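What the coordinates show
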Amino acid sequence: MDWQEISGNWLIVPDNTMGIVHFLGGAFIGTAPHLTYRWLLEKLAEAGFLVITTPCLNTFDHIAIARDVLNRFETILDRLYYRKIVTNRALPIYGVGHSLGCKLHLLIGSLYEVERGGNILISYNNFPVNRSIPFAEQLQLTPTFNLKFTPSPEETNELIAQDYQVRRNFLIKFRKDTIDQTYDLHPVLQARFPDLVSLQVLPGNHITPINQEINWQIGETFTPIDAIAQWFKQETTKDLQRLKQELILWLNPFDEDRFFL
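Along each chain, the written sequence defines residue order, and numbers are assigned to residues from 1. Side-chain atom pairs in this predicted model are given and counted only at pLDDT of 80 or more, local residue features only at pLDDT of at least 70, and totals for whole chains, interfaces and linings cover all residues. Only hydrogens and water are removed before side-chain values are computed, so all heavy atoms of the structure are retained for them.

**Description of the overall build of the protein chain**
Strands here are runs of E lasting at least two residues and helices are runs of H or I lasting at least four, both read from the DSSP assignment and numbered beginning at the N terminus. Counting its regular elements, the protein chain contains nine helices and eight strands. The classification of residues rests on relative accessible area computed with a 1.4 Å probe and restricted to protein chains. Under 20% of the type maximum is buried, over 50% is exposed, and intermediate values are partly exposed. When burial is assessed residue by residue, the protein chain has 48% of its 261 residues classed as buried. At a minimum sequence separation of 6, the contacts of the protein chain that also span at least 24 residues come to 77%. Per-residue and other accessible areas were derived by the Shrake-Rupley procedure at a 1.4 Å probe size, with only the shown protein chains allowed to occlude residues. About 13300 Å² of surface is accessible on the protein chain, with carbon and sulfur atoms providing 52% of the total. We call two residues in contact whenever any of their non-hydrogen atoms come within 4.5 Å of each other.

Rendered as structure tokens:
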């Protein structure tokens, strides 16, 4: 599909749009989400969602990152309305985040007044620096360095519990994800919005959302290498396919209830 860059965002505009997805990726891999999450985002576009993904540089000030990505997202929305690329201003907007992207959407929903049809939070991660960056503990041995995320994990949880405003939330955890904190986040959101928060545990691991489908071309004769390639493709894409299905089902449970440009 055709990606285009506008105001520091990358987006795909489908022929008939039923909603808008604002996607934020994880630390480091979120600097080029239209490449690292390409397959998954293009499938959302094929399902009828205008996908806007905002690259973000990883810093320790997560509030500053959240403010920056929100400003860029709102700027591109204004341009899409002005250019009449989007003519229906009532289209629902959904935040979709992976890992750090989840925390950014949670901060946006807690610190700013935003209209969202809901948020999808995949592999939520809110660990302190020494769990998020492998060499951080070694750096901390030097008094010059005092590395902490802003807000801290504890401050983030308190902020969400008191001020988070997005009512509908879909949390996704992968079975083999060792750095996921979805189980910690779920009761916080559930206490705030009972019966509007759902949790799904899927096969996969923390990097499942960035997997890409492999197109292996089989020659005139089916060889053992072809067999291995087909098995590898099946094993690496089945978890990604399941994730796609769950996202689309939550975003659009009723095919007839569509909103168009």
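Next comes the rest of the description.
**Focus on helix H7 (residues 153-163)**
Inspection of H7 places Pro 153, Thr 156, Leu 159 and Ile 160 among the buried residues, and these make up the whole buried set. Buried residues along H7 cover an arc of 125° about the axis, so they all sit on one side. Elements in contact with the buried residues of H7: helix H4 (100-111) and helix H8 (182-192). Working note: the arc is built from the helix axis to C-beta atom directions.

**Considering the packing of aromatic side chains**
In this scheme Phe, Tyr and Trp rings, the latter by its six-membered ring, pair at centre separations within 6.5 Å, and the angle between planes marks the pair as stacked below 30 degrees, edge-to-face above 60, and tilted otherwise. Across all of its chains, the model carries six aromatic pairs by this definition. Here the aromatic residues Phe 49, Tyr 94, Phe 170 and Trp 250 are joined through ring pairs into a cluster of three or more. Directly above the aromatic system of Trp 250 lies the positively charged group of Arg 168, at a separation of 4.2 Å from the ring centroid. Either the NZ atom of lysine or the CZ atom of arginine qualifies as a charge over a ring when it sits within 6 Å of the ring centre and within 35 degrees of the ring normal.

**Things to note about the packing of H7 against H8**
How two helices pack is summed up by the angle between their axes together with the distance between the axes. Following both chains from N to C, one finds H7 and H8 inclined at 20°, their axes separated by 8 Å at the closest point. The angle between H7 and H8 falls in the class roughly parallel. You can see that H7 and H8 cross each other, and the crossing is right-handed. Within the contact between the two elements, H7 uses Asn 157, Ile 160, Ala 161, Gln 162 and Asp 163 and H8 uses Leu 185, Val 188, Leu 189 and Arg 192. Three categories are distinguished: nonpolar for Ala, Val, Leu, Ile, Met, Phe, Trp, Tyr, Cys and Pro, charged for Asp, Glu, Lys and Arg, and polar for the others, with Gly belonging to the last. When its residues are assigned to classes, the contact of H7 with H8 shows five nonpolar, two polar and two charged. Lines fitted to C-alpha atoms define the axes, with helix axes restricted to the stretch in contact, and inter-axis angles between N-to-C directions lie between 0 and 180 degrees. When an angle is under 35 degrees it counts as roughly parallel; over 145 it counts as roughly antiparallel; between 65 and 115 it counts as roughly perpendicular; any other value is oblique. Left-handed is the label given to a crossing in which the near helix is rotated counterclockwise from the far helix by less than a right angle, and right-handed is the label when the rotation is clockwise.

**Remarks on the environment of Pro 14**
You can see Pro 14 is positioned in the loop between strand E2 (9-12) and strand E3 (19-24). Taking the C-alpha atoms as reference, Pro 14 lies 6.0 Å from Leu 50; in sequence the two are 36 residues apart.

**A word on the pattern of salt bridges**
Salt bridge, as used here, is a side-chain nitrogen of Lys or Arg placed within 4 Å of a carboxyl oxygen of Asp or Glu. Across all of its chains, the model carries five salt bridges by this definition. One salt bridge in this structure joins Lys 43 and Glu 46, with 3.4 Å as the shortest N-O distance. Placement of the pair is Lys 43 and Glu 46 together in helix H2 (residues 38-46), with a separation of three residues, close to one helical turn. Asp 68 serves as the salt-bridge partner of Arg 72, at 2.8 Å between the closest nitrogen and oxygen. Taken together, the positions of Arg 72 and Asp 68, both in helix H3 (residues 62-82) and four residues apart, correspond to about one turn of that helix.

**Section: the confidence of the model for the protein chain**
One confidence number per residue, pLDDT, is output by the predictor and ranges from 0 to 100. Per-residue pLDDT for the protein chain averages 86, and the proportion of residues at 70 or more is 80%. Across residues 226-232, confidence stays below pLDDT 50; counting only partners more than four residues off in sequence or on other chains, it has 11 contacts. Across residues 256-260, where pLDDT falls below 50, the model places 14 contacts with residues more than four positions away in sequence or in other chains.

**Quick notes on unusual backbone geometry**
Between Thr 150 and Pro 151 the backbone carries a cis peptide bond, its omega angle lying at 0°. Mapped onto the secondary structure, Pro 151 falls in the loop between helix H6 (136-140) and H7. Backbone geometry places Ser 99, a non-glycine residue, at a positive phi of 60°. Looking at the secondary structure, you find Ser 99 in the loop between strand E5 (93-98) and H4. By relative accessible area, which is 10% here, Ser 99 ends up buried.

**Overview of the pairing of strand E8 (residues 197-202)**
Bridge analysis of strand E7 (residues 169-174) against E8 gives six bridges, and the strand direction is parallel. Bridge pairing links Lys 173 to Val 201 in E8. Strands were regarded as paired on the criterion that DSSP finds at least two bridges between them.

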